[in-house]
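Listed below are the residues making up each chain.
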Amino acid sequence: LIVLGVVGAGVGVWVLTRPPIDTVGEVSFDRALAVPPLAPSTVDKDGRRVFELRAQAGQTDLGRGEPSATWGYNGAHLGPTLRAKRGEQVVVNITNQLGEDTTVHWHGMHLPARMDGGPDRPIRPGETFAPRWRVDQPAATLWYHPHPHERTETQVYRGLAGMFLIDDPDTDVATLPHEYGVDDIPVMVQDKAFDDDGQLTESGRFGSEIGILGDSVLVNGVPGPYLDVTTTLVRLRLLNASTARIFNFSLSDGRPFTLIGSDGGLLDRPHQVERLMLSTGERAEVLVAMRPGERVVLRSGPPAPEGDFATRRFQGGGDRFDVLELRAAATLKPSPAVPSTLVAVPRLDPASAAETREMRFSTRDINGRKMEHGRVDAVVTRDSTEVWTVRNGHGTPHSFHIHDVQFQVLARTDGGPVPPLLSGWKDTVYLPPHEGYRVIMRFTDFADPATPYMFHCHVLRHEDEGMMGQFVVVEPGGAPQLTTHHEHGG
Ligand code: C2O
Ligand code: CU
């Protein structure tokens, strides 16, 4: 099947040479979902919680008959779940046992730029870097992944990714399911393409304008997984850790599920939804109500009919995947009712904004500029609030992700409704072709004129190709003075 399509003004004619992928009915769900282990930690003499992460290569059974070459932290594939409480000091000793530079970026974390794992601070092969910071933000599902110069897509794709959960008595809701691996489940979803030898392939058949689009889906590294559910409500912490693909989740019988959280923590109240679209890097916490003995499948299918054409075309949105089968036990332990309100999400006030900026995401640039290490694209004053209009000026899907802060969505640029997923704290938002958002954020605490934070498209190939900018937080009246740590090329 050859599909010819004309997509987006000025983009021209694209030739797609594959039919949509349709795995419905083909996934056998014969493997139990693996739950990433909680990373062990020790408390040092200064009371800091210390974790160890080793980035390493290995071999993993990804269901292809023979082991696939993969990368992972403290193992052959993916990484353990780090967990810390608000207020704790954490230290992570990261050792690079790979044959190339890497970094570890704490996606969604509020922390000093020097600890943030940006591409300006590579960890060389054999070296150890020990970022340390005080966790100070609401309870949330964050994640970590590499962010090296021009190699992020490859390193994440090979398996470097893990979750970082923050607990906080003030913004946790005790009546929500919260027993890790029992009724509170990390669900890291990634698509993969394999060659005929069962190895991950980064190019070829499924390569596209936005990078790798795989033909199979792994959850926590497991193909075709099922989860045994033992409670009437199960909480799924969904993370789209793919390099490019957008997932559009639903349940196989079309039943609604309850959205309770987004990137930066819980929402102010639960929302019943039937579909949930997550672009790469985004998270959502949902509750699924189960009846004894039943099975229901978490799927990703094409966008709803009103979904935009270009998204479907470029993100492989015609593709359907069975992601995870939920299998309820014959008897289920009753979960507490879902509260009608969750946490306070104090609204940031646009009238308090000290600065407004426009960020236009085009082919592979932001405002016509590609990433440059020595250049600062935005100078932000510590403890100030800013409103940014982040817009996709292009026919290809992009997204907006910013380091250090969580933002709130004020409005859609076309005036349309803002979906429930964007009603709370966000650090990543999908920018459909020719659309965007006005977002508001407050930059607190960490002035450092010497070290930049990043903002970028989270389609990782786009990021690697330079769709990224740098901002620096300075004291009032201060100016950036970058010191460079990177030495690239060669
Ligand atoms: Cu998840 Cu700058 O990235
Ligand atoms: Cu992009």
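Regarding the coordination of the copper ion (ligand 2)
Alright, step 1. For the copper ion (ligand 2), the full set of protein donor atoms is His398 (ND1), Cys457 (SG) and His462 (ND1), and the range of their distances to it is 2.0 to 2.1 Å.
Alright, step 2. Site description for the copper ion (ligand 2): donor spacing in sequence, H-x58-C-x4-H. For the pair shown, Cys457 and His462 are each scored as buried.

Let's talk about the side chain of Asp167
Alright, step 1. You can see Asp167 is positioned in strand β13 (residues 162-167).
Alright, step 2. You can call Asp167 buried: its relative accessible area is 17%.
Alright, step 3. Reaching out from Asp167, the side chain makes a polar contact with the side chain of Arg83 at a distance of 2.9 Å.
Alright, step 4. For Asp167, the residues in contact, after removing those within four places along its chain, are Arg83, Ala84, Lys85, Arg86, Ala139 and Asp172.

Quick word on the nonpolar core
Alright, step 1. In terms of nonpolar packing, the biggest core is built from 64 residues, with Trp388, Phe400 and Ile402 touching the most fellow members.
Alright, step 2. Three or more residues apiece are contributed to this core by two domains, here domain 2 (175-333) and domain 3 (350-474).
Alright, step 3. Setting aside its immediate chain neighbours within four residues, Phe400 contacts Phe361, Trp388, Val390, Phe407, Asp427, Thr428, Val429, Leu431, Val439, Phe455 and His456.
Alright, step 4. By size, the runner-up hydrophobic cluster in this structure holds 26 residues, among which are Val104, Trp106, Leu142 and Ile166.

Points about the sheet that holds strand β18 (residues 222-223)
Alright, step 1. Here we have 7 strands laid out as an open sheet, ordered β18-β17-β14-β20-β25-β22-β23, and mixed in their pairing. Edge positions in the open sheet fall to β18 and β23 (265-273), since each of these has one partner strand only.

A short note on the environment of Glu127
Alright, step 1. In this fold, Glu127 is placed in the loop between β9 (105-107) and β10 (128-129).
Alright, step 2. Separated by 29 residues in the primary sequence, Glu127 and Leu98 place their C-alpha atoms 9.9 Å from one another.
Alright, step 3. Excluding residues that lie within four positions of it along the chain, Glu127 makes contacts with Ile94, Thr95, Asn96 and Pro122.

Details of the sheet that holds strand β32 (residues 407-412)
Working definition: the strands of a sheet are paired by backbone hydrogen bonds and lie parallel or antiparallel to each other.
Alright, step 1. Sheet architecture is open: 4 strands sit in the order β28-β30-β34-β32, paired in mixed fashion. Strand pairing shows two members of the sheet lacking a second neighbour, β28 (353-361) and β32, which therefore form its edges. When strand polarity is set aside, the average angle formed by the axes of neighbouring strands in this sheet is 25 degrees.

Comments concerning the pattern of salt bridges
Alright, step 1. Per the stated rule, a full pass over the model turns up 40 salt bridges.
Alright, step 2. Asp61 is the salt-bridge partner of Arg31, the closest N and O atoms lying 3.3 Å from each other. Taken together, the positions of Arg31 in strand β3 (residues 31-32) and Asp61 in the loop between β5 (49-60) and β6 (68-73) put the pair 30 residues apart, joining distant regions of the chain.
Alright, step 3. Since its relative accessible area comes to 28%, Arg31 is described here as partly exposed.
Alright, step 4. With a relative accessible area of 46%, Asp61 lands in the partly exposed category.
Alright, step 5. Connected through shared salt-bridge partners, Asp263, Glu282, Arg283, Lys426 and Asp427 make up one network.

Some remarks on the environment of Leu266
Alright, step 1. With respect to the helices and strands, the residue Leu266 is situated in strand β23.
Alright, step 2. According to the relative accessible area criterion, Leu266 is buried, its value standing at 5%.
Alright, step 3. Each C-alpha atom of the pair Leu266 and Thr171 lies 7.5 Å from the other, and the pair is 95 residues apart in sequence.
Alright, step 4. In this view, Leu266 contacts Ala139, Thr171, Val173, Leu176, Arg235, Ile260, Gly261, Glu285, Val343 and Val345; residues no more than four positions away in its chain are not counted.

Some details on unusual backbone geometry
Alright, step 1. One non-glycine residue, Asn220, lies in positive phi territory at about 50 degrees.
Alright, step 2. Within the element layout of this structure, Asn220 appears in the loop between β17 (216-219) and β18.

A look at a negative patch on the surface
Alright, step 1. A contiguous patch of negative charge, built from Glu66, Asp195, Asp196 and Asp197, is present on the exposed surface.
Alright, step 2. Within the secondary structure, Asp196 is located in the loop between β14 (184-192) and β15 (207-208).
Alright, step 3. You can call Asp196 exposed: its relative accessible area is 78%.

Re the confidence of the model for the chain
Alright, step 1. Mean pLDDT over the chain: 91, with 90% of residues reaching 70 or higher.
Alright, step 2. The low-confidence segment residues 1-17 (pLDDT under 50) makes 33 contacts with residues lying over four places distant or belonging to another chain.

A closer look at the packing of aromatic side chains
Alright, step 1. Evaluated as defined, the whole model comprises 14 aromatic pairs.
Alright, step 2. Ring geometry for Phe443 against Phe471: centres 5.4 Å apart, planes inclined by 70 degrees, an arrangement best described as edge-to-face. Here Phe443, found in strand β34 (residues 436-443), pairs with Phe471, found in strand β36 (residues 468-474); they are 28 residues apart in sequence, far enough to count as distant.
Alright, step 3. The buried category is assigned to Phe443, whose relative accessible area is 0%.
Alright, step 4. A cation over an aromatic ring shows up here: Lys192 above the ring of Tyr157, its NZ or CZ 4.5 Å from the ring centre.
Alright, step 5. Here Arg327 stacks its cationic end above the ring of Tyr226, 3.8 Å away from the centre of that ring.

Cut-offs and rules
Residues numbered from 1 in each chain as written. Chains lettered and ligands numbered in written order. Predicted model: local features only at pLDDT ≥ 70, side-chain atom pairs only at ≥ 80, totals over all residues. Heavy atoms only, no water. Donors = N, O, S within 2.8 Å, 3.2 Å for Na, K, Ca; no water. Buried < 20%, exposed > 50% of the residue type's maximum accessible area, 1.4 Å probe, protein only. Helix = DSSP H or I, 4+ residues; strand = E, 2+ residues; numbered from the N terminus. Polar contact = N/O pair within 3.5 Å; in protein donor to acceptor, adjacent residues only side chain to side chain. Contact = heavy atoms within 4.5 Å. Core = buried A, V, L, I, M, F, W, Y, C linked by side-chain atoms within 4.5 Å. Domains from an automatic or database assignment. Pairing = 2+ DSSP bridges. Axes fitted to C-alpha atoms, helices over the stretch in contact; angles between N-to-C directions. Salt bridge = Lys/Arg side-chain N within 4 Å of Asp/Glu carboxyl O. Patch = residues over 30% accessible without salt bridge, like charges linked within 9 Å, V, L, I, M, F, W, Y side chains within 5 Å. Areas by Shrake-Rupley, 256 points an atom, 1.4 Å probe, with all protein chains shown as cover. Lys, Arg positive; Asp, Glu negative; His and termini not counted. Charge placed at Lys NZ, Arg CZ, Asp CG, Glu CD. pLDDT = per-residue confidence, 0-100. Phe/Tyr/Trp six-rings, centres within 6.5 Å; stacked < 30°, edge-to-face > 60°. Lys NZ or Arg CZ within 6 Å of the ring centre and 35° of its normal.

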